[in-house]
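# Examining the three-dimensional arrangement
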Amino acid sequence: MSIQETAISLPYALRERRGDRPVTFPEIPHQQLDQIAPVELQEELWRRMAGLGHVRTGASVVSLPETRALHLDPEHALGPGTAFVRDSTEFAHLHGASDGSLHLLLPERDAAEAVARGWGEFHPLVLEGRCPPTLIMVYGPRDDDELETVWELVRRSHAFASGQIL
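What counts and how
- Residues numbered from 1 in each chain as written.
- Predicted model: local features only at pLDDT ≥ 70, side-chain atom pairs only at ≥ 80, totals over all residues.
- Heavy atoms only, no water.
- Pairing = 2+ DSSP bridges.
- Helix = DSSP H or I, 4+ residues; strand = E, 2+ residues; numbered from the N terminus.
- Axes fitted to C-alpha atoms, helices over the stretch in contact; angles between N-to-C directions.
- Contact = heavy atoms within 4.5 Å.
- Salt bridge = Lys/Arg side-chain N within 4 Å of Asp/Glu carboxyl O.
- Buried < 20%, exposed > 50% of the residue type's maximum accessible area, 1.4 Å probe, protein only.
- Parallel < 35°, antiparallel > 145°, perpendicular 65-115°, else oblique.
- Left-handed = near helix turned anticlockwise from the far one by under 90°.
- Nonpolar A, V, L, I, M, F, W, Y, C, P; charged D, E, K, R; others polar.

## Side note on the sheet that holds strand E3 (residues 90-94)
Here we have six strands laid out as an open sheet, ordered E1-E2-E3-E4-E6-E5, and antiparallel in their pairing. Where the open sheet ends on each side, the last strands, each with one partner, are strand E1 (55-59) and strand E5 (120-122). The average angle at which neighbouring strand axes cross in this sheet is 30 degrees, direction not considered. As judged from the four bridges shared by strand E2 (residues 68-72) and E3, these two strands associate in the antiparallel manner. Within E3, the position partnered with His71 by the bridge is Glu90. Strands in contact with helix H1 (residues 39-50) are E1, E2, E3 and strand E4 (102-105); relative to E2, the strand with the most contacts, it is inclined by about 15 degrees. Of the strands in this sheet, E1, E2, E3, E4 and strand E6 (135-138) touch helix H4 (residues 144-161), which is tilted by about 40 degrees from E4.

In structure tokens, the structure reads:
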């Protein structure tokens, strides 16, 4: 089964992330400052992300130049407006190698669960009330086990943007 054909398992049970949360910069640019994901895990995550169905890779409409983003083909962008960055088809982006975290959009219940279980935090614009509570930073994976959980969150973001889950 290819990455594109991998089914989203529902319901999804997210486990607790081990250890303390990383230090992050609480303003824009919202970045992870420690517990940085090894570059080889970042690249494996990107390889998987770029292989998702109906996406094109490119620059982010909001993030730093070294950020790599996923944009859903417009004809497949069937999710609600809260599944995308601004008025674009971007639904996730991976920050540069010195950071390793990513921003993505999830249904509100999934975003809240990811934050509660220690996998990420709400974007500062969410906390200011300027973005919906679907936008979170997911911390970069520190090992292969965490890579699988982060990958599942990316897949759920893709499904949300595609209109497969709400």
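## Details of the pattern of salt bridges
Tallying each qualifying case throughout the model produces 14 salt bridges. A salt bridge links Arg18 to Glu146; its shortest N-O distance comes to 3.7 Å. Taken together, the residues span a long stretch of sequence, with Arg18 in the segment before H1 and Glu146 in helix H4 at a distance of 128 residues. A relative accessible area of 1% means that Glu146 is categorised as buried. Sharing partners across several salt bridges, the network here consists of Arg18, Arg142, Asp143 and Glu146.

## Some words on the packing of H1 against H4
Running from N to C, H1 and H4 cross one another at 30 degrees; their axes reach a closest spacing of 11 Å. On the basis of their axis angle, the class for H1 and H4 is roughly parallel. At the point where H1 passes H4, the crossing takes the right-handed sense. On the side of H1, the interface is formed by Leu41, Glu44, Leu45, Arg48 and Met49, while H4 contributes Asp144, Leu147, Glu148, Val150, Trp151 and Val154. Of the residues belonging to the contact of H1 with H4, the class tally is seven nonpolar, no polar and four charged.

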